[in-house]
Amino acid sequence: MTLSIYDFATPVLARGLTNLSGFLDKALAEGFDETILIQARLHDDMRPLVAQVQLASDTAKGAVARLAGVDNPSMADTETTFAELKDRIARTLAFIDSVDPAAFAGAEARPIRLKTPSREMNFDGLGYLTSFVLPNFHFHVTTAYAILRKAGVPLGKMDYLGRLSLIE
């Protein structure tokens, strides 16, 4: 069996985003005030929950777009409610689902250039996925989880892992 970049990237990103949406659902179901949580932080020098969700979304859609060689949909960072964050997650998932797996052919060797305000990073597709995308994506999903957990939302490991694909 041959596994592609698509096989390693899209299920992981989609699962993390789905679970992230579930974290927000659980906070609301437990009666937590979203106006407080949306600006909650782990530490003063870290970004708030809203930014963690936006950055997880940006990382996922940017990765899929770059690896597949398609346009990265623009999403303004204007969310102020959990409903808006959940909509952003849903739009990101819809984008991921819309990209033809065939577009990922050769993605492991595709040159990827990222420019940030402080530096430029150059990767091949495999290095981009394994050394930047997946660690960065999980950092933001984990930080969102930790912010909510610190605030008292009763999340556990299985909320983070989500639905497992078990062979029985």
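Refer to the structure presented above.
Below is a short write-up of the structure.

About the criteria used
Residues numbered from 1 in each chain as written. Predicted model: local features only at pLDDT ≥ 70, side-chain atom pairs only at ≥ 80, totals over all residues. Heavy atoms only, no water. Helix = DSSP H or I, 4+ residues; strand = E, 2+ residues; numbered from the N terminus. Rg over C-alpha atoms; globule rule 2.2 N^0.38 Å. Buried < 20%, exposed > 50% of the residue type's maximum accessible area, 1.4 Å probe, protein only. Contact = heavy atoms within 4.5 Å. Areas by Shrake-Rupley, 256 points an atom, 1.4 Å probe, with all protein chains shown as cover. Axes fitted to C-alpha atoms, helices over the stretch in contact; angles between N-to-C directions. Parallel < 35°, antiparallel > 145°, perpendicular 65-115°, else oblique. Left-handed = near helix turned anticlockwise from the far one by under 90°. Nonpolar A, V, L, I, M, F, W, Y, C, P; charged D, E, K, R; others polar. Pairing = 2+ DSSP bridges. Core = buried A, V, L, I, M, F, W, Y, C linked by side-chain atoms within 4.5 Å. Phe/Tyr/Trp six-rings, centres within 6.5 Å; stacked < 30°, edge-to-face > 60°.

With that out of the way, let us pick up the overall build of the protein chain. Check the secondary structure of the protein chain and you find 6 helices and 2 strands. If you list the helices and strands of the protein chain from N to C, you get α-α-α-α-β-β-α-α. For the protein chain, whose C-alpha radius of gyration is 16 Å, the value lies close to the compact-globule estimate of 15 Å for 168 residues. Dimensions of the protein chain, computed from C-alpha atoms along their principal axes, come out at roughly 50 × 45 × 25 Å. Classification of the 168 residues of the protein chain by burial places 39% in the buried group. Sequence separation of 24 or more characterises 68% of the internal contacts of the protein chain that already satisfy a separation of 6 or more. Surface exposure of the protein chain reaches about 9,200 Å², of which carbon and sulfur atoms provide 55%.

Time to look at the packing of helix H1 (residues 5-29) against helix H4 (residues 82-98). At their nearest, the axes of H1 and H4 sit 10 Å apart, and the two run at 165 degrees to each other. Judged by the angle between their axes, H1 and H4 are roughly antiparallel. The handedness of the crossing between H1 and H4 comes out as left-handed. Of the residues in H4, those touching H1 at Thr10, Leu13, Ala14, Leu17, Thr18, Leu20, Ser21, Leu24, Asp25, Ala27 and Leu28 are Phe82, Leu85, Lys86, Ile89, Thr92, Leu93 and Ile96. A class-by-class count of the residues in the contact of H1 with H4 yields 12 nonpolar, 4 polar and 2 charged.

Across the two faces of strand E1 (residues 111-115) the burial differs, with Ile112 and Leu114 buried and Pro111, Arg113 and Lys115 not buried at all. Here E1 pairs with strand E2 (residues 120-124) via 5 bridges, running antiparallel. The partner of isoleucine 112 across the bridge, within E2, is phenylalanine 123. Linking E1 back to E2 in an antiparallel pair, the connection comprises 4 residues.

We now examine the nonpolar core. Within the largest apolar cluster, 45 residues are counted, with the highest numbers of intra-cluster contacts made by Leu13, Leu49, Leu67, Phe82, Phe104, Tyr128 and Leu148. Sorting the residues of this core by element identifies H1, helix H3 (49-68), H4, E1, E2 and helix H5 (125-150) as the ones contributing at least two each. With residues up to four places along the chain from it excluded, the contact list for leucine 67 reads Ile5, Ala9, Ala103, Phe104, Ala107, Arg110, Ile112, Gly125, Tyr128 and Leu129.

The tally for this structure, following the rule as stated, stands at 7 aromatic pairs. Between phenylalanine 23 and tyrosine 145, the aromatic rings sit 5.5 Å apart at their centres with planes inclined by 70 degrees, giving edge-to-face as the arrangement. Here the residue phenylalanine 23 occupies a position in helix H1, and tyrosine 145 occupies one in helix H5, the gap between them amounting to 122 residues. Assessed through its relative accessible area of 1%, phenylalanine 23 is described here as buried. Ring centres of tyrosine 128 and phenylalanine 132 lie 6.1 Å apart, and the angle between their planes is 15 degrees; on these two criteria the pair is classed as stacked. Of the two residues, tyrosine 128 and phenylalanine 132 both sit in helix H5, 4 residues apart, roughly one turn of that helix.

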